[in-house]
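# An overview of the molecular structure
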Amino acid sequence: MPISSVAEGGNKSFTISLSLLLSIEILLFVNGLAGSPPLPTVPSGCGRAPYKAACEYMLSSALTADHLPQNPGELFDHSVKFSMSQVLSARAIAYNLSLYYAKAHTHTHLLDSMNDCLELLDDSLDQLANVVNRKKTAESIDDVQTWLSAALTNQVTCLETLENRKFKVEKGVMDGAAQNLSHFISNTLTLYMSSKPKGAAGGHRRLLSDGFPAWVLTPERKLLEASVGEIEASAVVAKDGSGTHKSIGEAVAFAASLAGGGRTVVHITAGVYHENLKFSTKQKNVMLVGDGKGKTVIVGDRNSEDGWTTFQSATVAAMGDGFIARDITFVNSAGPAKHQAVALRVGSDKSVIFRCSIVGYQDTLYTHSKRQFYRETDIYGTVDFIFGNSAVVFQNCNIYVRKPSSGRDNFITAQGRSSPDENTGISIHNCKISAASDLAPVKHKFSTYLGRPWKQYSRTIIMQSFLDDVIHPSGWSPWSGNFGLKTLYYGEYMNSGPGASTSGRVKWPGYRASLTPVEAQGFTVAGFIAGHLWLPSTGVSFDSGLLG
């Protein structure tokens, strides 16, 4: 019986039937991995694959295809299309489970988790479709690596959102689907890195003189730098009724309905707005313009203690590419005792956060995936308060460490790179890291670290920044035992201030106390998040990205 037809039921037999059918589906899949038939002569592309059984299973599917892959490029193409088919299968499982939980009304938290996975799987389909159509959609060779890194991150996030949901076998089925899918996509990323032209991702990359990445095109530069009066907004939000809408959600929905397909600009006038906003993968090129930090404030209080997943706890979440926000304060007011509580989550490619303030405690800013740029923005938090697996650069930002719950340490970053082939990491450049006003009087009673390795290949760079004495002399903290200490990439370069001395830093194999200028250049705005798309398009002057 098809799973979808079972979903009409609502009694105990439905639960048993659904569990049985989903378990059979996954068991057949896993047995397929273990018992793939012998393969004819194929390229040795699986030799470097991190998950060889999954790679061989993927290759076995080519036996029924019209054309067996004969070279690394064809093998990569087949792997991408095979991964897309597996995303569709996983999405069917998640969809049917979400229908069941919605009908049952007894597993609301599992429903939230399945909805997270559905949203992430939809985004993965978009990323893989971009790869399939890369001859039309890619502007640089780094785009493909970004799309595959994001698709992999999505599966890791799905697994995380399910991790603490201790319910029936159905959750285990979804766990299995997401885990297997993460193996297929990880292998696909490795195949891409093995088959792309040598030296294709290198080269000298530069910034435009105004400090923005070159993918911030001239119209967006004007919007970022223009006064509010000069901006022609699609909608204006004002609590006193003087605009087109009183709520941000209504204004965004209205603006999105307008024909044209260009940038959607919503001006949010001064005021405190208690709303939770979510921009899906399909909602691209949204720009939110406020009246200034502390003037336009968006507040939510969702948190893990009240049952929200970390992914859905965000006050504002943006997945659609080209998201821009300026002159706004984003707040999660849940407080330190509520643990994970995100103020802003961004999974938008080529996104810019400019002159904003992002305020919370644990997990304040979720830089989930893709390429992101933050400038002149203040970030407040305690535990892992800048985290995620995007390729992100913070430039000219203030990072404020707040007073944590009693007995807890502070960790500024928790970067989530799970594969050495991902082009992701956190780069903090020309920023100031200091104690917030509530921590400053008691900062020596708490230990504050620059970061800890959330995932095995965690990558974080602090360079040409000011570090005050809130930073512990060892600088960095382990996550658990020796996990990731050999495979992480943590580095510092030409920092200043009382917390910048590296003489007492950790001695981990993956830590670099002093990067070379060439290494540091690779983590500037120019070198890290734009690839060779970041080339001059006008006659303005350029610089290399590093100060001096």
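Residues numbered from 1 in each chain as written. Predicted model: local features only at pLDDT ≥ 70, side-chain atom pairs only at ≥ 80, totals over all residues. Heavy atoms only, no water.

### Some details on the sheet that holds strand E4 (residues 271-274)
- An order of E4-E7-E10-E13-E16-E19-E22-E25 is seen for the eight strands of this open sheet, with the pairing classed as parallel. Each having just a single partner strand, E4 and strand E25 (466-467) make up the two edges of the open sheet.
- The pairing of strand E10 (residues 329-332) with strand E13 (residues 357-359) spans three bridges and is classified as parallel. Looking across to E13, one finds that phenylalanine 330 is bridged to isoleucine 358. (Pairing = 2+ DSSP bridges. Helix = DSSP H or I, 4+ residues; strand = E, 2+ residues; numbered from the N terminus.)

### Concerning the pairing of strand E21 (residues 425-429)
- Taking burial as the measure, the five residues of E21 include five buried ones, the bulk of the element.
- Burial of the side chains of E21 extends over both faces: Gly425, Ser427 and His429 are buried on one face and Ile426 and Ile428 on the other.
- Relative to E21, strand E18 (residues 391-395) is paired through five bridges, and the arrangement is parallel. Each residue of the ladder has a partner; that of alanine 391, found in E21, is glycine 425.
- Where E21 and strand E24 (residues 459-463) come together, four bridges link them in parallel fashion. Bridge pairing links isoleucine 428 to isoleucine 462 in E24. (Buried < 20%, exposed > 50% of the residue type's maximum accessible area, 1.4 Å probe, protein only.)

### Observations concerning the confidence of the model for the protein chain
- For the protein chain, per-residue confidence averages 84 on the pLDDT scale, and 82% of positions sit at 70 or higher.
- Scored below 50 in pLDDT, residues 199-207 makes 29 contacts in the model with residues more than four places away or belonging to other chains.
- Confidence over residues 531-544 falls short of pLDDT 50; this stretch has 42 contacts with residues more than four positions distant or in other chains. (pLDDT = per-residue confidence, 0-100. Contact = heavy atoms within 4.5 Å.)

### Focus: the UniProt feature "active site" (unreviewed entry) in the protein chain
- UniProt's entry tags Asp384 with the feature "active site" (unreviewed entry), counted in the numbering of this structure.
- For aspartate 384, the position within the fold is in strand E17 (residues 383-388).
- Not counting residues up to four positions away in its chain, the partners in contact with aspartate 384 are Asp363, Phe411, Ile412, Thr413, Ala414, Arg452 and Trp479. (UniProt positions renumbered as here; feature names shortened; annotations may be inferred.)

### Looking at the pattern of salt bridges
- Under the defined criterion, the tally for this structure stands at 18 salt bridges.
- Between lysine 293 and aspartate 378 there is a salt bridge whose closest N-O contact spans 3.2 Å. With lysine 293 in the loop between strand E6 (286-289) and strand E7 (296-300) and aspartate 378 in strand E16 (residues 378-381), the pair connects residues that are 85 residues apart, well separated along the chain.
- Of the residues examined, lysine 293 reaches a relative accessible area of 35% and is grouped as partly exposed.
- Here aspartate 378 falls in the buried class, since its relative accessible area comes to 10%.
- Overlapping salt bridges bring together Asp143, Asp349 and Arg371 as one network. (Salt bridge = Lys/Arg side-chain N within 4 Å of Asp/Glu carboxyl O.)

### Looking at the pairing of strand E3 (residues 264-268)
- The buried count for E3 comes to five of five residues, which makes it a mostly enclosed element.
- Taking every second residue as pointing to the same face, both faces of E3 are buried, with Thr264, Val266 and Ile268 on one and Val265 and His267 on the other.
- Judged from the three bridges that link them, strand E2 (residues 235-237) and E3 form a sheet pairing that is parallel. When the sheet's bridge partners are listed, valine 237 is paired in E3 with isoleucine 268.
- Here E3 pairs with E6 via four bridges, running parallel. Its bridge partner being in E6, valine 266 is matched across the sheet by leucine 288.

### Section: the sheet that holds E18
- Spatial strand order, E2-E3-E6-E9-E12-E15-E18-E21-E24-E26-E27: eleven strands in an open sheet with parallel pairing. Here the strands that pair on one side only, and so sit at the sheet edges, are E2 and strand E27 (511-512).
- When E6 meets strand E9 (residues 324-326), the two strands line up parallel, connected through three bridges. Across the sheet, valine 289 pairs through a bridge with arginine 326, a residue of E9.
- Against the sheet, helix H9 (residues 218-225) engages E3, E6, E9 and strand E12 (351-354), with an angle of about 20 degrees to E9.
- On the sheet, helix H10 (residues 248-257) packs against E2, E3 and E6 and is oriented at approximately 155 degrees with respect to E3. (Axes fitted to C-alpha atoms, helices over the stretch in contact; angles between N-to-C directions.)

### What about the packing of helix H3 (residues 52-60) against helix H4 (residues 72-104)?
- In the contact formed by H3 and H4, the axes pass within 10 Å of each other and the chain directions differ by 95 degrees. Judged by the inter-axis angle, H3 sits roughly perpendicular to H4. For the pair H3 and H4, contact is made by Tyr57, Met58 and Leu59 and by Leu75, His78, Ser79 and Phe82, respectively. (Parallel < 35°, antiparallel > 145°, perpendicular 65-115°, else oblique.)

### Here's the deal with the side chain of glutamine 362
- Within the secondary structure layout, glutamine 362 lies in the loop between E13 and strand E14 (365-367).
- Residue class for glutamine 362 comes out buried when judged on its relative accessible area of 8%.
- Non-local contacts of glutamine 362, meaning those with residues more than four positions away in its chain, are made with His339, Gln340, Ala341, Thr382, Val383 and Arg408.

### A look at the environment of alanine 436
- Secondary-structure assignment places alanine 436 in the loop between strand E22 (432-435) and strand E23 (448-451).
- With 55 residues separating them along the chain, alanine 436 and glycine 381 place their C-alpha atoms 8.9 Å apart.
- Ignoring any residue separated from it by four or fewer positions in sequence, one finds alanine 436 in contact with Tyr380, Tyr400, Val401 and Arg402.

### Observations concerning the packing of aromatic side chains
- Applying the stated criterion across every chain yields a total of 16 aromatic pairs.
- Measuring from ring centre to ring centre gives 4.9 Å for phenylalanine 82 and phenylalanine 184, while their planes differ by 80 degrees; the resulting arrangement is edge-to-face. Here the residue phenylalanine 82 occupies a position in helix H4, and phenylalanine 184 occupies one in helix H8 (residues 169-195), the gap between them amounting to 102 residues.
- Ring plane angle 35 degrees and centroid distance 5.7 Å describe the contact between phenylalanine 279 and phenylalanine 323, whose orientation is recorded as tilted. Of the two residues, phenylalanine 279 is situated in strand E5 (residues 277-279) and phenylalanine 323 in the loop between strand E8 (316-318) and E9; the sequence distance between them amounts to 44 residues.
- Residue classification places phenylalanine 323 among the buried residues on the basis of a relative accessible area of 1%.
- These aromatic residues form a ring-pair network of at least three members: Phe311, Tyr366, Phe387 and Trp454.
- The ring of tryptophan 308 has arginine 302 lying over it, and the distance from NZ or CZ to the ring centre is 4.1 Å.
- Sitting over the ring of tyrosine 361, arginine 402 keeps its end group 4.0 Å from the ring centre. (Phe/Tyr/Trp six-rings, centres within 6.5 Å; stacked < 30°, edge-to-face > 60°. Lys NZ or Arg CZ within 6 Å of the ring centre and 35° of its normal.)

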